[in-house]
Amino acid sequence: MSQKIVELQAKDLDSRGGIACPSPQSGTALWSSHPRVYLDVGHTGHARCPYCGTEYRLRAGEKVSSGH
């Protein structure tokens, strides 16, 4: 499993505070990717993909506003 860490800005998240993996931020090639999975980063500040192990987390100081 990958131990890749992807730091995100609040603007990288969707309106619900999440991101899908694989994502352009992770640098994963589409041909070698796993099924798309939604990860909720907005509530806890981080999430790990159950398929590839990539960890997505908000950069230090980033805040997710409600209704983002």
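Above: the structure in question.
My aim in this report is to walk through the structure given alongside it, one point at a time.

What counts as what
Residues numbered from 1 in each chain as written. Predicted model: local features only at pLDDT ≥ 70, side-chain atom pairs only at ≥ 80, totals over all residues. Heavy atoms only, no water. Helix = DSSP H or I, 4+ residues; strand = E, 2+ residues; numbered from the N terminus. Buried < 20%, exposed > 50% of the residue type's maximum accessible area, 1.4 Å probe, protein only. Areas by Shrake-Rupley, 256 points an atom, 1.4 Å probe, with all protein chains shown as cover. Pairing = 2+ DSSP bridges. Axes fitted to C-alpha atoms, helices over the stretch in contact; angles between N-to-C directions. Core = buried A, V, L, I, M, F, W, Y, C linked by side-chain atoms within 4.5 Å. Contact = heavy atoms within 4.5 Å.

**Observations concerning the overall build of the protein**
On a plain count of helices and strands, the protein comes out with zero helices and five strands. Sequence-ordered secondary structure for the protein, helices as α and strands as β, is β-β-β-β-β. Per-residue burial for the protein yields a buried fraction of 37% across its 68 residues. Put simply, the protein shows about 4,400 Å² of open surface, and 52% of that area lies on carbon and sulfur atoms.

**Topic: the pairing of strand β1 (residues 5–8)**
Residues of β1 alternate between two faces, with V6 and L8 buried on one and I5 and E7 left unburied on the opposite face. In terms of strand pairing, β1 meets strand β5 (residues 55–58) through four bridges, oriented parallel. Note on β5: the bridge partner recorded for I5 is E55.

**Some thoughts on the sheet that holds strand β4 (residues 46–48)**
The strand order across the open sheet formed by three strands is β1-β5-β4, and the pairing between neighbours is mixed. Two strands close off the open sheet at either side, each with one partner strand: β1 and β4. The mean angle between the axes of side-by-side strands here comes to 15°, regardless of whether they run parallel or antiparallel.

**A closer look at the nonpolar core**
Core analysis: the largest hydrophobic core is formed by 13 residues, its most contacted members being L8, I19, C21, L39, V41 and Y56. Sorting the residues of this core by element identifies β1, β2 (18–21), β3 (37–40) and β5 as the ones contributing at least two each. Once you skip the residues sitting within four places of it in the chain, V41 turns out to touch L8, L13, G17, G18, I19, H46, A47, Y56, R57 and L58.

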